[in-house]
Amino acid sequence: MKKNQQLRRMDVFSFQRAKGGQETCGDSFFFEETEDYFVCALADGLGSGVDANKASHAAISEIRSHHALENIEQLFLRANHAMKDKRGAVLTVFFVDYVKKELTCASIGNIRLFFHSATGKLTYPLPQSGYLSGRPQKLKIQTFPCEQGSTFLIHSDGLELRSPRNVGWQLKSTKSAFEQLATSIEEKPTDDVTYLIGTFAR
Ligand SMILES: [Mn+2]
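Residues numbered from 1 in each chain as written. Predicted model: local features only at pLDDT ≥ 70, side-chain atom pairs only at ≥ 80, totals over all residues. Heavy atoms only, no water.

## Brief notes about the sheet that holds strand S4 (residues 37–45)
Selection rule: Strand pairing is defined by DSSP finding a minimum of two bridges between the two strands. Labels follow the DSSP assignment, with helices taken as runs of H or I lasting at least four residues and strands as runs of E lasting at least two, numbered in each case from the N terminus. Every axis in this analysis is a line fitted to C-alpha atoms, fitted for helices over the stretch in contact. Angles between the N-to-C directions lie between 0 and 180 degrees. Contact between two residues is taken to exist if any of their heavy atoms lie within 4.5 Å; hydrogens are not considered.
The five strands lie next to each other as S3-S4-S5-S6-S9, forming an open sheet whose pairing is antiparallel. Two strands in the sheet have a free side with no partner beyond their single neighbour: strand S3 (27–33) and strand S9 (142–145). This sheet shows a mean twist of 15° between the axes of neighbouring strands, independent of strand direction. Of the strands in this sheet, S3, S4 and strand S5 (89–97) touch helix H1 (residues 49–66), which is tilted by about 160° from S4. Lying over the sheet, helix H2 (residues 72–81) contacts S5 and strand S6 (102–108), oriented at roughly 155° with respect to S5.

Here it is as structure tokens:
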């Protein structure tokens, strides 16, 4: 599944394909724009298939329902709590604050996030190892400057990036970078694959 959504300030391209070309993907994602910010979350449920999907979907539902009123720490507490009768999931959540021109993120497990500024600086927020299992987990929240013209990439481990430098940040459009990444993905990948690439365009 490939999709392009043009929001008021952000252009977002998303790609998702389930392991083995199956119907049910164990990764779930969500993004939304409000007046003041953009929020995006990607979760990969442990394993694959229906149970993995249930776990990642439960985590993402918490972010979707509560991002307007709660901070990133509270959102992770909710997502972690939602894992209690599930398999567990890895999760990355980030906000782009349109007013402060800042990106704030937190990550447990191997969902990777990178972003590239209009001036060519590549930023690698560091993920924390582990996964959400319902047990208490300490969270590290990171904030970076994020100007208009910045592009982000967030992906599950089904996308094998040789180097985050080779993402095509320098290409003339986000669409070109998106399409270039899509060509590297097999019809029947060996793991669920999800990635989103988006530009803080306006
Ligand atoms: Mn995976």
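Having seen the structure, we can now continue with the description.
## Here's the deal with the sheet that holds strand S10 (residues 151–155)
Pairing in this open sheet of six strands is antiparallel, and the strands run S1-S2-S11-S10-S7-S8 from one edge to the other. Two strands in the sheet have a free side with no partner beyond their single neighbour: strand S1 (2–6) and strand S8 (122–123). Pairing of strand S7 (residues 112–116) with S8, which is carried by two bridges, proceeds in the antiparallel orientation. Its bridge partner lying in S8, Phe-115 is registered against Thr-123. Against the sheet, helix H3 (residues 174–182) contacts S1, strand S2 (10–17), S10 and strand S11 (193–200), and its axis sits at roughly 165° relative to S11.

## Focus on the packing of aromatic side chains
Our working rule: Classification of ring pairs rests on two measures: the distance between centres of Phe, Tyr or Trp rings, Trp counted by its six-membered ring, which must be within 6.5 Å, and the angle between planes, read as stacked under 30 degrees, edge-to-face over 60 and tilted in between. Accessible area is worked out with a 1.4 Å probe on protein chains only. A residue is then buried under 20% of its type maximum, exposed over 50%, and partly exposed in between. Criterion for a charge above a ring: Lys NZ or Arg CZ within 6 Å of the ring centre, and within 35 degrees of the ring normal.
Here the structure, examined in full by the defined rule, presents eleven aromatic pairs. Judged by centre distance (5.2 Å) and plane angle (35°), the ring pair of Tyr-98 and Phe-200 falls under tilted. Of this pair, Tyr-98 sits in the loop between S5 and S6 while Phe-200 sits in strand S11, and the two are 102 residues apart along the sequence. Exposure class is identical for Tyr-98 and Phe-200. Each is buried. Over the ring of Tyr-98 we find Arg-9; its NZ or CZ atom is 4.9 Å from the centre of that ring.

## Concerning the coordination of the manganese ion
Convention followed: A donor here means an N, O or S atom no more than 2.8 Å from the metal, or no more than 3.2 Å when the metal is Na, K or Ca. Since water is not included, a site may seem to lack partners.
The coordination sphere of the manganese ion contains the protein donors Asp-44 (OD), Asp-157 (OD) and Asp-191 (OD), at a distance range of 2.1 to 2.4 Å. Summarised as a motif, the one-chain spacing of the donors to the manganese ion is D-x112-D-x33-D. You can see Asp-44 sitting in strand S4 and its partner Asp-191 sitting in the loop between H3 and S11, a full 147 residues away along the chain. Taking relative accessible area as the criterion, Asp-44 reaches 7% and is therefore assigned buried. Given the relative accessible area of 22%, Asp-191 is considered partly exposed.

## Things to note about the environment of Arg-17
The following threshold applies: Between N or O atoms, a polar contact is any pair within 3.5 Å; within protein, one atom must be a potential hydrogen donor and the other a potential acceptor, and residues adjacent in sequence are included only when both atoms are from side chains.
Mapped onto the elements of the fold, Arg-17 is located in strand S2. Taking the C-alpha atoms as reference points, Arg-17 and Gly-158, 141 residues apart in sequence, are found 9.1 Å from one another. Discounting chain neighbours no more than four positions away, the residues touching Arg-17 are Cys-25, Ile-185, Glu-186, Glu-187, Pro-189, Asp-191, Asp-192 and Val-193. A distance of 2.8 Å separates a polar side-chain atom of Arg-17 from the backbone oxygen of Glu-186.

## Section: the nonpolar core
What counts, and what does not: Only buried residues count toward a nonpolar core. Its members are Ala, Val, Leu, Ile, Met, Phe, Trp, Tyr and Cys residues joined through side-chain atoms within 4.5 Å.
One finds Ile-63, Phe-76, Met-83, Leu-91 and Val-93 to be the most contacted residues of the largest nonpolar core, which totals 24 residues. Every element with two or more residues in this core is listed here: S4, H1, H2, S5 and S6. Here this core takes five residues from H1, the largest share from any one element. Residue contacts for Leu-91: discarding those within four places in its chain leaves Ala-41, Leu-42, Ala-43, Ile-60, Ile-63, Phe-76, Ala-79, Ala-106, Ser-107, Ile-108, Ile-111 and Leu-132. Ranked by size, the runner-up nonpolar core spans 22 residues in total, among them Phe-94, Tyr-98, Ile-154 and Phe-200.

Shape descriptors only; they carry no functional weight alone.
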